[in-house]
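Chain by chain, the residues:
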Amino acid sequence: AQKITQTQPGMFVQEKEAVTLDCTYDTSDPSYGLFWYKQPSSGEMIFLIYQGSYDQQNATEGRYSLNFQKARKSANLVISASQLGDSAMYFCAMRIQGAQKLVFGQGTRLTINP
Amino acid sequence: NAGVTQTPKFRVLKTGQSMTLLCAQDMNHEYMYWYRQDPGMGLRLIHYSVGEGTTAKGEVPDGYNVSRLKKQNFLLGLESAAPSQTSVYFCASSLRDDSGNTIYFGEGSWLTVV
């Protein structure tokens, strides 16, 4: 069975600092994708970044990057130069190729302090 | 630019009442999903559909039924609501199940059963 673990229930960071949100996953399938979603207080789920299991380079999208360490089965999200608007819940998720569902972690609540 | 639209956004039900949540997507996606989100538990898959006329059970299907009569619509029904079904419900859609295809979410529907 697939499983996603986010060990940080909450994090507090000063504005403009970089922040790393941890995510580890468990699967025996060689082909999978890893996703990060942001959920602000308004509730919607916003897609941030995707990493494929066969991708050689870490994914980047603007201020977001994914630190993919396949041997350790970790897919940490790095946000550079954090902003007040980054305060939200962040979910790591995994999808196995051929599977119909996205499996989510429990989330990390990030608070950016001015 | 609608994407995934859910109605209603808020609803209060009495125990034993029935209701239907409607999800509509305009991206011509084959796959559609219903998730529920509860505090500390991330998102859990209720039911999903891989195409018009097909549905399948997810992790937590009990107490819910679904139908996909048209490709763009996916309905979630509660026949006899229970307080345990108080939750935030998210509809989502994606192209076929390759692991790299992003799943897009609606804005959520807040349901309270009293």
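Let me begin by describing the structure that accompanies this report. (Residues numbered from 1 in each chain as written. Chains lettered and ligands numbered in written order. Predicted model: local features only at pLDDT ≥ 70, side-chain atom pairs only at ≥ 80, totals over all residues. Heavy atoms only, no water.)

1. A closer look at the sheet that holds strand 1 (residues 4-7) of chain B
Residues and elements named next belong to chain B.
In step 1: The four strands lie next to each other as 1-3-8-7, forming an open sheet whose pairing is antiparallel. Lying at the two open borders of the sheet, with one neighbouring strand each, are strand 1 and strand 7 (65-67). The average angle at which neighbouring strand axes cross in this sheet is 20°, direction not considered.
In step 2: As paired elements, strand 1 and strand 3 (residues 19-25) share four bridges and run antiparallel to each other. From the neighbouring strand, Thr5 faces strand 3, where its bridge partner is Ala24. (Pairing = 2+ DSSP bridges. Helix = DSSP H or I, 4+ residues; strand = E, 2+ residues; numbered from the N terminus. Axes fitted to C-alpha atoms, helices over the stretch in contact; angles between N-to-C directions.)

2. As for the interface of chain B and chain A
In step 1: On the side of chain A, 24 residues touch chain B, which itself brings 26 residues to the contact.
In step 2: For the pair chain B and chain A, the summed buried area comes to about 1900 Å², and 55% of that belongs to carbon and sulfur atoms.
In step 3: In this structure, the connection of chain B to chain A is made through zero salt bridges.
In step 4: At the junction of chain B and chain A, the tally comes to five residue pairs in polar contact (both at pLDDT 80 or more).
In step 5: In terms of residue count, the dominant contributor to the side of chain B that touches chain A is strand 4 (residues 31-37) of chain B (four residues).
In step 6: Considering only residue class, the side of chain B that touches chain A consists of twelve nonpolar, nine polar and five charged. (Contact = heavy atoms within 4.5 Å. Buried area = accessible area lost by both parts, 1.4 Å probe. Salt bridge = Lys/Arg side-chain N within 4 Å of Asp/Glu carboxyl O. Polar contact = N/O pair within 3.5 Å; in protein donor to acceptor, adjacent residues only side chain to side chain. Nonpolar A, V, L, I, M, F, W, Y, C, P; charged D, E, K, R; others polar.)

3. Some thoughts on unusual backbone geometry
In step 1: In the segment running from Thr7(B) into Pro8(B), the intervening peptide bond is cis, with an omega of -10°.
In step 2: Take Pro8(B): it is sitting in the loop between strand 1 and strand 2 (10-13).
In step 3: One non-glycine residue with positive phi stands out, namely Lys73(A), at about 55°.
In step 4: One can find Lys73(A) in the loop between strand 8 (64-69) and strand 9 (74-79).
In step 5: For Lys73(A), a relative accessible area of 29% corresponds to the partly exposed category. (Buried < 20%, exposed > 50% of the residue type's maximum accessible area, 1.4 Å probe, protein only.)

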